Amino acid sequence: MAVFILRRLLQSVVVLFAVSVVVFFAVYTVGDPIELLVSPDVGQDQRDALIARLGLDQPLWQQYLHFVWRALHGDLGNSFVHGMPAVDLILQRFPATLELVVVAISLTCILGIPLGLIAGLHRDNFLGKSIMNTSVLGFSLPNFWQGMVFILLFAVWLGWLPASGRGPTVEVLGIPLSIFSAQGWSHIALPAVNLAVANIALILRMTASGVSEAQSQDYVRFARAKGVKPGRIVRRHILRNIMIPVVTVIGMEFGTLIAYSTITETVFSWPGMGKLLIDSVYQLDRPVVVAYVMLVTMLFVVINLVVDILYAVLDPRVQLLEPSA
């Protein structure tokens with residue numbers, strides 16, 4: 001295990017370096033943030049002073065070397081717009097995004113796995129076919145359009161839920177969370193459902209496919225021949241064997257939602273990292289964009305490592321290390 005983790009950490013360093021090169025040069029060669037930060041009435045001396053203060057007067061390769069040196073010390077630069085460390089600015093928005101994603105992933109597990117199990121066990125009757133056919137909508141509807149329809153239906157026409165914002169928060173271990181109040185739940189309901197719909201469809205179909213395949217396996221047939229109760233067969237033999245790919249996808253989707261919940265957060269004005277990224281792109285706030293991508297890359301590295309370890313926990317046949325020759 002220790003050797004496996006060490007090898008993955010070394011691979012992660014290479015990945016982070018490659019990502020930093022691509023992202024830094026891609027972001028820092030687009031646009032001129034000074035045009036957005038400085039009024040046209042400001043004199044050239046003041047413009048030059050701001051350019052020097054932000055380090056934009058240096059060659060691009062030199063700016064990158066300064067970025068790498070600061071990054072090795074935990075500093076990913078200061079926001080051009082907000083004037084504060086980019087990492088601190090992102091971490092301020094992280095609880096809102098994490099809260100939204102946790103609720104969305106919870107909905108995915110609560111609805112996707114049971115519905116997929118039902119569809120797989122009853123694949124030849126009306127119930128199973130109806131569930132599978134309905135799940136196609138989860139892949140077909142554009143996320144932004146779906147979000148606007150939710151707002152129109154539940155916020156405008158019915159008036160049941162608010163259309164935007166996060167609502168009041170409660171400090172839990174110093175972290176502001178909105179799920180500990182009824183008003184907070186009313187604000188998170190629509191964006192969480194909008195974020196979860198596609199993943200519910202994905203997990204549902206994966207689970208149904210796995211259940212259908214597992215039912216034809218010899219170990220399931222043998223268990224039925226021995227007279228094992230159907231409920232025990234489902235719990236001990238079918239679910240246990242199909243959960244490995246499901247856990248993998250859930251883990252990857254968790255990281256994906258944290259990194260790319262930008263559309264949902266923008267549509268519902270949810271004050272998370274995704275909306276911060278969109279605002280930073282519009283404002284050419286380069287340090288925030290680069291810091292966001294680097295933090296997201298590190299998040300994916302950690303999630304991949306955790307998923308690999310869970311593989312071995314769920315299935316003892318999975319080996320983390322290659323067998324020696």
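Residues numbered from 1 in each chain as written. Predicted model: local features only at pLDDT ≥ 70, side-chain atom pairs only at ≥ 80, totals over all residues. Heavy atoms only, no water.

Peer 1: Help me out: how do you make sense of the overall build of the protein chain in this one?
Peer 2: In terms of helices and strands, the protein chain carries 13 helices and two strands. Taking the principal axes of its C-alpha atoms as reference, the protein chain extends roughly 85 × 65 × 35 Å. Counting only residues that meet the buried cut, the protein chain has 38% of its 325 residues in that class. When contacts within the protein chain are restricted to residue pairs at least 6 apart in sequence, those whose partners lie at least 24 apart make up 74%. Summed over all atoms, the accessible surface of the protein chain reaches about 17,800 Å², with 67% contributed by carbon and sulfur. Positive and negative side-chain charges of the protein chain, numbering 21 and 20 respectively, have mean locations separated by a distance of 20 Å. (Helix = DSSP H or I, 4+ residues; strand = E, 2+ residues; numbered from the N terminus. Buried < 20%, exposed > 50% of the residue type's maximum accessible area, 1.4 Å probe, protein only. Contact = heavy atoms within 4.5 Å. Areas by Shrake-Rupley, 256 points an atom, 1.4 Å probe, with all protein chains shown as cover. Lys, Arg positive; Asp, Glu negative; His and termini not counted. Charge placed at Lys NZ, Arg CZ, Asp CG, Glu CD.)

Peer 1: Would you take a moment to explain the packing of aromatic side chains for this structure?
Peer 2: Aromatic rings considered in pairs are described by the distance between their centres and by the relative angle of their planes. This structure, assessed with the given rule, holds eight aromatic pairs. Judged by centre distance (5.8 Å) and plane angle (75°), the ring pair of F24 and F25 falls under edge-to-face. What makes F25 partly exposed here is its relative accessible area of 28%. Ring centres of F154 and W160 lie 6.2 Å apart, and the angle between their planes is 45°; this geometry places the pair in the tilted category. Residue class for F154 comes out partly exposed when judged on its relative accessible area of 23%. Judged by relative accessible area, W160 falls into the exposed class, the value being 59%. Ring-pair connections join several aromatic residues into one group, and the members of that group are F24, F25, Y28, Y64 and F67. (Phe/Tyr/Trp six-rings, centres within 6.5 Å; stacked < 30°, edge-to-face > 60°.)

Peer 1: Explain the nonpolar core to me, please; I cannot follow it from the model alone.
Peer 2: Nonpolar side chains in soluble globular proteins generally cluster together in the buried interior. Counting 47 residues, the largest nonpolar core has Y28, F67, I90 and V290 as its most contacted members. Elements represented by at least two residues in this core include exactly helix 1 (2–28), helix 4 (60–72), helix 5 (86–121), helix 8 (182–215), helix 10 (230–259), helix 12 (273–282) and helix 13 (286–314). Considering every element that reaches this core, the biggest residue donor is helix 5, with 11 residues. When near neighbours in sequence (up to four residues on either side) are disregarded, Y28 contacts L56, L60, Q63, F80, R286, P287 and V290. Counting 10 residues, the second largest nonpolar core, distinct from the first, contains L117, V220, A223 and I238. (Core = buried A, V, L, I, M, F, W, Y, C linked by side-chain atoms within 4.5 Å.)

Peer 1: Sorry, what's going on with unusual backbone geometry here?
Peer 2: Across residues other than glycine, the phi torsion is negative in most instances, and most of the peptide bonds are trans. Although it is not a glycine, L173 adopts a positive phi angle of roughly 55°. Structurally, the position occupied by L173 is in the loop between strand 1 (170–172) and strand 2 (175–177). By relative accessible area, which is 85% here, L173 ends up exposed. One non-glycine residue with positive phi stands out, namely L284, at about 55°. Here L284 lies in the loop between helix 12 and helix 13.

Peer 1: Explanation requested: the packing of helix 8 against helix 10 in the structure shown.
Peer 2: How two helices pack is summed up by the angle between their axes together with the distance between the axes. Between helix 8 and helix 10, the least distance of the axes is 9 Å, while the angle of their chain directions is 160°. By the angle between their directions, the pair helix 8 and helix 10 is classed as roughly antiparallel. Helix 8 and helix 10 meet at a crossing whose hand is right-handed. Only I238, I242, P245, V246, V249, I250, E253 and L257 of helix 10 make contact with helix 8, whose side of the interface consists of L195, N199, L202, I203, M206, T207, G210, V211, A214 and Q215. The class makeup of the residues in the contact of helix 8 with helix 10 is 13 nonpolar, four polar and one charged. (Axes fitted to C-alpha atoms, helices over the stretch in contact; angles between N-to-C directions. Parallel < 35°, antiparallel > 145°, perpendicular 65-115°, else oblique. Left-handed = near helix turned anticlockwise from the far one by under 90°. Nonpolar A, V, L, I, M, F, W, Y, C, P; charged D, E, K, R; others polar.)

Peer 1: Before we go on, may I ask you to explain a nonpolar patch on the surface in this structure?
Peer 2: A surface patch of nonpolar side chains, about 620 Å² in accessible area, is lined by L137, L141, F144, W145, M148, V149 and I263. Looking at the element boundaries, M148 is found in helix 7 (residues 143–157). (Patch = residues over 30% accessible without salt bridge, like charges linked within 9 Å, V, L, I, M, F, W, Y side chains within 5 Å. Salt bridge = Lys/Arg side-chain N within 4 Å of Asp/Glu carboxyl O.)

Peer 1: Is there a simple way to think about helix 7 in this case?
Peer 2: Given 3.6 residues to a turn, an α-helix orients residues that are three or four positions apart in the same direction. Between the first and last C-alpha of helix 7 there are 20 Å, a value that for 15 residues agrees with the 21 Å anticipated at 1.5 Å per step. Against the buried residues of helix 7 lie helix 8 and helix 11 (262–267). Backbone geometry just downstream of helix 7 places G159 in the positive-phi region, at approximately 70°. (Expected span 1.5 Å × (residues − 1).)

Peer 1: Would you take a moment to explain the UniProt feature "transmembrane region" (unreviewed entry) in the protein chain for this structure?
Peer 2: Those residues carrying the UniProt feature "transmembrane region" (unreviewed entry) are residues 12–31, 100–122, 143–164, 184–204, 242–263 and 289–314 in this numbering. As a span, residues 100–122 carries 96% helix and 0% strand, and end to end its C-alpha atoms are 33 Å apart. (UniProt positions renumbered as here; feature names shortened; annotations may be inferred.)

Peer 1: Please clarify how the side chain of R286 should be interpreted in this entry.
Peer 2: Structurally, the position occupied by R286 is in helix 13. The exposure class assigned to R286 is buried, which follows from its relative accessible area of 7%. Within the structure, R286 has its side chain in polar contact with the backbone oxygen of Y28 (distance 3.4 Å). (Polar contact = N/O pair within 3.5 Å; in protein donor to acceptor, adjacent residues only side chain to side chain.)

Peer 1: Can you help me understand a positive patch on the surface in this one?
Peer 2: Among the surface-exposed residues, K229, R232, R235, R236 and R240 lie close enough to one another that they form a single positively charged patch. Owing to a relative accessible area of 44%, R232 belongs among the partly exposed residues under this scheme.

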